[in-house]
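This is what each chain is made of:
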Amino acid sequence: MTKTNTIGLALLFVIILLVGVVINFAVEPSNHNSNMEKEETSIKLPPPDTKGEISVKEAILKRRSVRDYEDDPLSLKEISQLLWAAQGVTSPETGKRSAPSAGALYPLEVYLVVRKGEEIESGVYRYFPESHELAVVLKGDVSEDLARASLGQTFVAKAPINLVFAGVFSRTAARYGERGTQYVYMEAGHAAQNVCLQAESLKLGTVVVGAFNDEEVKETVKMSENETPLYVMPVGRK
Ligand SMILES: Cc1cc2nc3c(=O)[nH]c(=O)nc-3n(C[C@H](O)[C@H](O)[C@H](O)COP(=O)(O)O)c2cc1C
């Protein structure tokens, strides 16, 4: 083999290696929850039910924004079901989730704020869809702070729990550039609608809250720097 051939072969090898790295970057599922370490204090959630008594059409028909809740706790089972509807993994073999996601990049994160729960203490938790677990972010009731951050919408503090959706724009922008910004908002809509219909099917009431101070919501649930709050969803018995 001539010297030129050897150099040529070496170059070809380097190019193949580089192409492999680029392809891998492009098609690997996103590193979900990549910016956070799961804390040691994690809570395994009960498995979600996948059969229900009310039809989708009935849930759509009955869904209405509810801002008045009984002062009852929600059970861990109900909380588990709501989180699964929001972002749970529905195809374990592919990691795909309950709501559609552009390029299956999953830019949404879900926080749970508990004021009054059964088998779960008051506090802020982060949901990990892959393991269907919660990690404790902080202990104690922050629902009054969340209501203040939601421009004084008092029903936020009256609900036994709130789900708070966050978006990590860089996850989607990495593939879709500027258009990725729209995709993240669209996805929050899908996930929130799932929660609305799931709540209805559990005979619970909820409302999507978009009027809030971003920085205050972020601070209340201790979001990471790269997360943007997208929705607050109080849920309770109607
Ligand atoms: C993007 C968006 C933001 C919203 N923000 C709030 C909010 O901050 N507070 C609130 O009480 N309702 C909020 N809502 C709920 C609407 O007021 C409600 O959906 C509307 O009145 C229609 O009533 P329905 O949901 O019962 O059909 C919001 C809805 C959307 C889609």
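Relevant structure appears above.
Residues numbered from 1 in each chain as written. Predicted model: local features only at pLDDT ≥ 70, side-chain atom pairs only at ≥ 80, totals over all residues.

Trainee: Which residues make up the site of the ligand, and what are the values?
Mentor: By nearness alone, every residue bordering the ligand is listed as Arg64, Ser65, Arg67, Gln153, Val207, Val208, Val209, Gly210 and Ala211. A per-class count over the shell around the ligand returns four nonpolar, three polar and two charged. (Near = placed C-beta within 6 Å. Nonpolar A, V, L, I, M, F, W, Y, C, P; charged D, E, K, R; others polar.)

Trainee: Describe the packing of helix H3 (residues 76–87) against helix H7 (residues 179–201), listing the residues and the values that go with them.
Mentor: It is at 7 Å that the axes of H3 and H7 come closest, and there the two elements cross at 145°. Relative to H7, H3 is oriented so that their crossing is right-handed. Across the interface between the two elements, Gln81, Leu82, Ala85, Ala86 and Gln87 of H3 pack against Ala191, Asn194, Val195, Gln198 and Ala199 of H7. (Axes fitted to C-alpha atoms, helices over the stretch in contact; angles between N-to-C directions. Helix = DSSP H or I, 4+ residues; strand = E, 2+ residues; numbered from the N terminus. Left-handed = near helix turned anticlockwise from the far one by under 90°. Contact = placed C-beta atoms within 7 Å.)

Trainee: Please provide a residue-by-residue account of unusual backbone geometry, values included.
Mentor: A positive phi angle, close to 60°, is found at Lys203, a residue other than glycine. With respect to the helices and strands, the residue Lys203 is situated in the loop between H7 and strand E10 (204–206).

Trainee: Explain the sheet that holds strand E11 (residues 228–237) to me, using residue names and the numbers behind them.
Mentor: Taken in spatial order, the seven strands line up as E1-E8-E7-E5-E9-E11-E10 in an open sheet, and their pairing is antiparallel. Either end of the sheet is taken by a strand with one partner, and the two such strands are strand E1 (42–44) and E10. For this sheet, the mean inter-axis angle between neighbouring strands, taken without regard to orientation, is 30°. By the bridge criterion, three bridges tie E10 to E11 in an arrangement that is antiparallel. By the bridge assignment for E11, Leu204 is matched with Arg237. The sheet strands contacting H3 are strand E5 (108–114), strand E7 (123–128), strand E9 (161–167), E10 and E11, and the helix crosses E5 at an angle near 160°. (Pairing = 2+ DSSP bridges.)

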